Amino acid sequence: MTESESQASAVGPLSGEKVRHGTGVNSNRAFPTDSYPYNLDPFVLFEQFYIDPDNGFPMHPHRGFEIVSYMIEGGMEHEDSLGVANTAYENDAMRITTGSGIRHSEFPADGQACTGLQLWVNLPQAEKDADPDYGDATADTLPTAEQGGATVTTVIGEGSPISLHTPMEYLDAAVADTWTWSVPEGWSGFLYGVAGDGTVEGQPFTAGDVLPVTDTRSVTLQSDDSLRVVAVSGRPHGEPIRQRGPYVL
């Protein structure tokens, strides 16, 4: 483990960092931030975005990674250079494999603001030039089950119609009592607070907070009322992550 990885694995819950994109879109970024200046191999970045009706992301390029967008409120219109056009609404998911290169746009649908979560997942060097691709899933196709004190939807993982080049799991958990999140051995990941509040390993955790996980096998969450989180984990590639704006080299 490198010195930076050792430092990264020792942190507790952190607040996200406010980011304003050049197109006027506001986000709460979980990582990398000034307080947590690390990627979480295989994950490049994660943020919650808020798009007002008059803003959005015009057509722009990406390559070298995969994108998972998961909607929280409202709808977001996606169009890309593959000829795909799709609108994702609450609890729908979209996956883009940028690979050797793709262009896409993202705008709020129906003249209404929208908010969602976006994750960038690195592609291993051997697959950086993969053919660009797109896939999506509506909320009713994502498996949902009761797990102890939580209702858990699998956005990516067993039973989900969405898969990536990187082995990973992406869970949307509504915690109403006590829930233990298990992380496969050797994987890294994070928890992100979407709504409500509670505790993570006995420490306060609320909307906009993030807990990076690099050497932990299980995490216990508790809420006396309601705490919604996403719990994301994946198998590291063990390769440097070199982000250059919209590209991951």
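Conventions used here
- Position numbers for residues start from 1 in each chain and track the written sequence from start to end.
- Note on the predicted model: pLDDT of at least 70 is required for a residue's local features to be given, and 80 or more for side-chain atom pairs to be given and counted; whole-chain, interface and lining totals, by contrast, use all residues.
- Only hydrogens and water are set aside when side-chain values are computed; all heavy atoms of the structure are taken into account.
- By definition, any uninterrupted DSSP run of H or I lasting at least four residues is a helix, any uninterrupted run of E lasting at least two residues is a strand, and each is numbered from the N terminus.
- Radius of gyration: C-alpha atoms only; globule rule: 2.2 Å multiplied by the number of residues to the exponent 0.38.
- Relative accessible area decides the class of each residue, using a 1.4 Å probe on protein chains only: under 20% of the type maximum gives buried, over 50% gives exposed, and in between gives partly exposed.
- Between two residues, a contact is recorded if the distance between any of their heavy atoms is within 4.5 Å.
- Methods summary: accessible areas were calculated by the Shrake-Rupley approach with a probe of 1.4 Å, and residue burial reflects only the protein chains presented.
- His is not counted here, nor are the chain ends, while Lys and Arg score as positive and Asp and Glu score as negative.
- Charged groups are reduced to one reference atom each: NZ for lysine, CZ for arginine, CG for aspartic acid, CD for glutamic acid.
- For two strands to be treated as a pair, DSSP must find at least two bridges joining them.
- For every element, the axis is a line fit to its C-alpha atoms; helices are fit only across the contacting stretch, and the angle between N-to-C directions ranges from 0 to 180 degrees.
- UniProt positions are given in the numbering used here, feature names are shortened, and annotations may be inferred rather than shown by experiment.
- Within 6.5 Å between ring centres, the rings of Phe, Tyr and Trp (the latter by its six-membered ring) count as paired, and their orientation is classed by plane angle as stacked under 30 degrees, edge-to-face over 60, tilted in between.
- A ring is considered to have a charge above it if a Lys NZ or an Arg CZ atom is located within 6 Å of its centre and within 35 degrees of its normal.

Turning next to the overall build of the protein. Helices and strands together make up the secondary structure of the protein, namely one helix and 23 strands. The C-alpha radius of gyration of the protein comes to 17 Å, within 12% of the 18 Å expected for a compact globule of 249 residues. The proportion of buried residues among the 249 residues of the protein is 50%. Summarising the internal contacts of the protein: among those between residues at least 6 apart in sequence, 70% fall at separations of at least 24. Within the structure as shown, the protein displays about 10,700 Å² of accessible surface, and the carbon and sulfur contribution to it stands at 45%. With 12 positive and 36 negative side-chain charges, the protein shows a separation of 10 Å between the mean positions of the two kinds.

So, about the sheet that holds strand β4 (residues 43-51). Two modes of strand pairing occur in sheets, parallel and antiparallel, and in both the strands are linked by backbone hydrogen bonds. The antiparallel open sheet is built from seven strands, whose spatial order is β2-β3-β4-β11-β6-β9-β12. Strands at the two margins of the open sheet, each flanked by one partner only, are β2 (17-20) and β12 (133-137). Strand-to-strand twist of the sheet, defined as the mean angle between neighbouring strand axes without regard to direction, takes the value 20 degrees. With five bridges joining them, strand β6 (residues 65-73) and strand β9 (residues 93-97) adopt antiparallel strand pairing. Within β9, the position partnered with E66 by the bridge is T97.

Our focus in this paragraph is the UniProt feature "domain: Pirin C-terminal" (unreviewed entry) in the protein. The positions that UniProt labels "domain: Pirin C-terminal" (unreviewed entry) are, in the present scheme, residues 179-248. Along residues 179-248, the helical share is 0% and the strand share 61%, with 35 Å between the first and last C-alpha atoms.

What follows covers the packing of aromatic side chains. Enumeration according to the criterion identifies seven aromatic pairs in this entry. Feature note: the residues F31, F43, F46, F190 and Y192 constitute an aromatic cluster, connected by ring pairs. Here the basic side chain of R63 rests over the ring of Y247, its NZ or CZ set 4.4 Å away from the ring centre.

Ordered in space as β5-β10-β7-β8, the four strands form an open sheet in which the pairing is antiparallel. Both edges of this open sheet fall to β5 (57-62) and β8 (85-88), since each of them pairs with a single strand only. Within the sheet, the average angular offset between the axes of one strand and its neighbour, ignoring direction, is 25 degrees. Note that strand β7 (residues 76-80) and strand β10 (residues 102-108) share five bridges and pair antiparallel. Counterpart to E79 in the pairing with β10 is S105.

All right, on to the UniProt feature "domain: Pirin N-terminal" (unreviewed entry) in the protein then. Look at the UniProt record and you will see "domain: Pirin N-terminal" (unreviewed entry) annotated at residues 29-121. Helix makes up 0% of residues 29-121 and strand 60%, and the two end C-alpha atoms of the span are 15 Å apart.

Of all seven residues making up β10, five are buried, and the element is well covered by its neighbours. Note: β5 against β10, four bridges, orientation antiparallel. Bridge assignment links H62 to a residue of β10, and that residue is I102.

Time to look at the pairing of strand β14 (residues 150-156). Counted residue by residue, β14 has six buried out of seven residues, so it is predominantly covered. Strand direction decides the pairing type here: strand β13 (residues 144-147) and β14, joined by four bridges, are antiparallel. Looking at β14, one finds that E146 is bridged to T151. The antiparallel pairing of β13 with β14 creates a hairpin that spans two residues between the two strands, and G148 there sits at a positive phi of about 60 degrees. One ladder, built from six bridges, connects β14 with strand β15 (residues 168-175); its direction is antiparallel. Across the sheet, the residue bridging to T151 is A174, located in β15.

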